[in-house]
Amino acid sequence: MENKNFAVGLDIGTTKIVAMIGCYNEYGKMEILGIGKAKSMGVHRGVVNNITQTIQSIQQAVEAAEASSGIKIAKVVAGIAGQHIRSLQHSDYITRKDGEEVIGEGDIETLCNQVHKLVMLPGEEIIHVLPQDYKIDGQAEITEPRGMYGARLEANFHVVVGQVASIRNIGRCIKSSGLELAGITLEPLASANAVLSQEEKEAGVALIDIGGGTTDLAIFKDGIIRHTAVIPFGGNVITEDIKEGCSIIEKQAEMLKIKFGSAWPGENKDNEIVSIPGLRGREPKEITLKNLSKIIHARVVEIIEQVYAEIKAYGHEEQKKKLIAGIVITGGGAELKHLKQLVEYTTGMDTRIGYPNEHLAGNSDTETTSPMYATAVGLVLNSLEKHHTQAIEPTLKNEELPEYDTESKLEEEPEGQREITKARKSFFEKWAERFKEFLDTAE
């Protein structure tokens, strides 16, 4: 296989950094060729706070992935998350010079560029401008305006905003690790790609990605992302609570959480006790599993309630915005026992654990289909899809279809569908290209 068929996803998390190499197999499913994992040292709540340590962790993860696959990594697609990410709803419009001409790609780009000029808080930059639905001359609920007539084009947008410094720091870490940044993807979107089916996105679903430092939320309805949020709590806060509550060291607290932890105190009997070795000559500590569950339960409920407040803010109680597919939980935190039952009890919504095996080849081992690798799988998938559409485009150009012209009349437009595919190169990708140029000049 040639190198151009591979894609590498780099998930820079608070607890771990994962480098994953993947390619499409002959059935169009993603095959994982190599995976490397390193403890994340310089990241706090999704934000880089120590450049040197982060570079070392990235290099370790990349070297491990190279060793397991025998492939040299040059380019990566990175994920971006962290407590600095926020989103807002915005409506904007343009008045077209000539309503007798059909709406084309140029009009939509003009409208989106107009949104990019919104004034943000100091140090913030728009990462993502996602059109929700369009309105042409007052006619609402139009999902595809290309090829239609109209003088006034309006749209509702979902705008994702992040801190410039945090984004630049991730770029700097990747460049200093000797890698090229091929693109940036919002992590909740990557996780959603890996664990959600198209039917769920159409029906309405809330994806909760519980990571080490943050919990990401992405809400989909009618196949479109409607709401995103980042809650600055994750699995590490639960570990911290166990450490404080049981007076033990962090390593032991993490092990207790993974091996014996449960989000539902009622599941443990009063006489179930686990013994923890004492520090240097001290007596071992005995901890009841019921108390352990109570500590975990209190913090998990707090996280779920914050996520549920975001789901309510989106307005899921309205008939039109109802999330029929309920909730999907993924990320490392999703492996906590009885979490599914607790989420269902707290929110009253159907819940399932999201495994990233929706698009993976059938022979993938159980480790790589664990929820903790959802973001890494999603990043590789996004990159592969991008390469795939770029590979298709030259063949389309060779067909005897006239070049799309925004001024052409409706009857001259048999190739409109091709233009829609072309438009799928999201504005976020264009932003990523601009960001790469910005990094190069910032040397």
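Further up the page is the structure itself.
Residues numbered from 1 in each chain as written. Predicted model: local features only at pLDDT ≥ 70, side-chain atom pairs only at ≥ 80, totals over all residues. Heavy atoms only, no water.

*Asks:* Could you clarify how one ought to interpret the overall build of the chain in this entry?
*Replies:* Within the chain one finds 12 helices and 18 strands. Out of the 443 residues belonging to the chain, those deemed buried represent 51%. For the chain, the share of sequence-separated contacts (at least 6 apart) that also reach a separation of at least 24 residues comes to 67%. Only carbon and sulfur atoms are counted for the fraction: they give 49% of the accessible area of the chain, which is about 21,200 Å². (Helix = DSSP H or I, 4+ residues; strand = E, 2+ residues; numbered from the N terminus. Buried < 20%, exposed > 50% of the residue type's maximum accessible area, 1.4 Å probe, protein only. Contact = heavy atoms within 4.5 Å. Areas by Shrake-Rupley, 256 points an atom, 1.4 Å probe, with all protein chains shown as cover.)

*Asks:* Help me out: how do you make sense of the environment of Val300 in this one?
*Replies:* Tracing the backbone shows Val300 in helix H8 (residues 289-314). In this structure the C-alpha to C-alpha distance between Val300 and Trp264, which are 36 residues apart in sequence, comes to 9.8 Å. Setting aside residues no more than four positions away along its own chain, Val300 makes contact with Ile238, Leu336, Leu339 and Leu342.

*Asks:* What exactly am I supposed to notice about the sheet that holds strand S11 (residues 180-186) here?
*Replies:* The strands that make up a sheet pair up through hydrogen bonds in the backbone, lying either parallel or antiparallel. In space, the five strands of this open sheet follow the order S3-S2-S1-S6-S11, with mixed pairing throughout. A single partner strand is all that each edge strand has here, and the edge strands are strand S3 (30-39) and S11. Neighbour to neighbour, the strand axes of the sheet diverge by 25° on average, direction disregarded. Relative to strand S2 (residues 16-24), strand S1 (residues 7-12) runs antiparallel, the two being bridged by six bridges. Looking at the pairing, Ala7 lines up with Gly22 of S2. Against the sheet, helix H1 (residues 51-69) makes contact with S1, S2 and S3, and its axis sits at roughly 140° relative to S3, the strand it touches most. (Pairing = 2+ DSSP bridges. Axes fitted to C-alpha atoms, helices over the stretch in contact; angles between N-to-C directions.)

*Asks:* In this structure, what is going on with the pairing of strand S6 (residues 75-80)? I would like to understand it.
*Replies:* Here is the key point about a regular strand: its side chains alternate between the two faces of the sheet. The element S6 is extensively covered by neighbouring structure, given that five of its six residues are classed as buried. Summarising the sheet, S6 and S11 pair through six bridges and their orientation is parallel. Looking across to S11, one finds that Val76 is bridged to Leu181.

*Asks:* It is not clear to me how the packing of helix H6 (residues 235-246) against H8 should be interpreted in this structure. Could you clarify?
*Replies:* Each pair of packed helices can be described by the angle between their axes along with the distance between the axes. Close contact between H6 and H8 brings their axes to 9 Å; oriented N to C, the two are set at 145°. Where H6 crosses over H8, the handedness of that crossing is right-handed. Between H6 and H8, the contacting residues are Val237, Ile238, Asp241, Ile242, Gly245 and Cys246 on the first element and Leu292, Ile295, Ile296, Arg299, Val300 and Ile303 on the second. Classifying every residue of the contact of H6 with H8 by side-chain character gives nine nonpolar, one polar and two charged. (Left-handed = near helix turned anticlockwise from the far one by under 90°. Nonpolar A, V, L, I, M, F, W, Y, C, P; charged D, E, K, R; others polar.)

*Asks:* Please clarify how H8 should be interpreted in this entry.
*Replies:* Within an α-helix, residues lying three or four positions from one another point in the same direction, as the helix has 3.6 residues per turn. With 26 residues, H8 extends 37 Å between its outermost C-alpha atoms, agreeing within 8% with the 38 Å of an ideal straight helix rising 1.5 Å per residue. Just downstream of H8, Gly315 is the residue with a positive phi angle, here 100°. (Expected span 1.5 Å × (residues − 1).)

*Asks:* I tried to follow the side chain of Thr347 on my own but got confused; where do I start?
*Replies:* Tracing the backbone through its elements, the reader meets Thr347 in helix H9 (residues 339-347). Residue classification places Thr347 among the buried positions, given a relative accessible area of 9%. There is a polar contact of 2.7 Å between the side chain of Thr347 and the backbone oxygen of Val343. A polar side-chain atom of Thr347 sits 3.2 Å from the main-chain amide nitrogen of Met349. If we ignore the near neighbours within four places in the chain, the residues touching Thr347 are Ile304, Tyr308 and Ile327. (Polar contact = N/O pair within 3.5 Å; in protein donor to acceptor, adjacent residues only side chain to side chain.)

*Asks:* I would appreciate a short explanation of helix H2 (residues 105-116) in the present structure.
*Replies:* An ideal rise of 1.5 Å per residue puts 16 Å on 12 residues; H2 measures up with 17 Å between its terminal C-alpha atoms. Looking at H2, one finds that the buried residues are Glu105, Asp107, Ile108, Leu111, Cys112, Val115 and His116.

*Asks:* Honestly, the nonpolar core in this entry has me stumped. Any pointers?
*Replies:* As a rule of thumb, soluble globular proteins bury nonpolar side chains together. With 58 residues, the main nonpolar core has Leu10, Met30, Ile58 and Ile174 as its most contacted residues. In this view, Ile174 contacts Leu10, Ile12, Ile58, Val76, Ala78, Leu179, Glu180 and Leu181; residues no more than four positions away in its chain are not counted. Judged by nonpolar contacts, the second largest core, of 40 residues, contains Leu292, Ile303, Ala334 and Leu336. (Core = buried A, V, L, I, M, F, W, Y, C linked by side-chain atoms within 4.5 Å.)

*Asks:* Please explain the packing of H1 against helix H3 (residues 164-176) as it appears in this structure.
*Replies:* Closest axis-to-axis distance for the H1/H3 pair is 9 Å, and the angle between their directions is 55°. In terms of axis orientation, H1 runs oblique to H3. The handedness of the crossing between H1 and H3 comes out as right-handed. Residue-level inspection shows Ile51, Thr54, Ile55, Ile58 and Gln59 of H1 in contact with H3, the latter providing Asn169, Cys173, Ile174 and Ser176. Classifying every residue of the contact of H1 with H3 by side-chain character gives five nonpolar, four polar and no charged. (Parallel < 35°, antiparallel > 145°, perpendicular 65-115°, else oblique.)

*Asks:* Just to check I follow, could you spell out the packing of aromatic side chains for this structure?
*Replies:* Working definition: an aromatic ring pair is given by the centre-to-centre distance plus the angle between the planes. On inspection of all chains with the given rule, the structure shows one aromatic pair. An angle of 85° between the planes, with centres 5.4 Å apart, marks the rings of Trp264 and Tyr345 as edge-to-face. Placement of Trp264 in the loop between helix H7 (250-260) and strand S15 (273-276) and of Tyr345 in helix H9 is noted, with a sequence separation of 81 residues between them. Relative accessible area serves as the criterion here: at 26%, Trp264 is assigned to the partly exposed category. Against the face of Tyr93 rests Arg152, its NZ or CZ located 3.8 Å from the ring centre. The ring centre of Phe220 lies 5.1 Å from the NZ or CZ of Lys201, which sits over that ring. (Phe/Tyr/Trp six-rings, centres within 6.5 Å; stacked < 30°, edge-to-face > 60°. Lys NZ or Arg CZ within 6 Å of the ring centre and 35° of its normal.)

*Asks:* What exactly am I supposed to notice about the pattern of salt bridges here?
*Replies:* Think of it this way: side chains of opposite charge can pair up when their charged atoms draw near. Following the criterion strictly, the structure yields 14 salt bridges and no others. Residue Arg146 is joined to Glu105 by a salt bridge in which the shortest nitrogen-to-oxygen separation is 2.9 Å. In this pair, Arg146 is assigned in the loop between strand S9 (139-142) and strand S10 (152-163) and Glu105 in helix H2, connecting sequence segments 41 residues apart. Of the two residues, Arg146 and Glu105, both sit in the buried class. Of the charged contacts, one joins Glu200 and Arg352 as a salt bridge, the two residues approaching to 2.9 Å between their closest N and O atoms. Separated by 152 residues along the polypeptide, Glu200 in helix H5 (residues 198-203) and Arg352 in strand S18 (residues 351-353) bring together distant segments of the chain. (Salt bridge = Lys/Arg side-chain N within 4 Å of Asp/Glu carboxyl O.)

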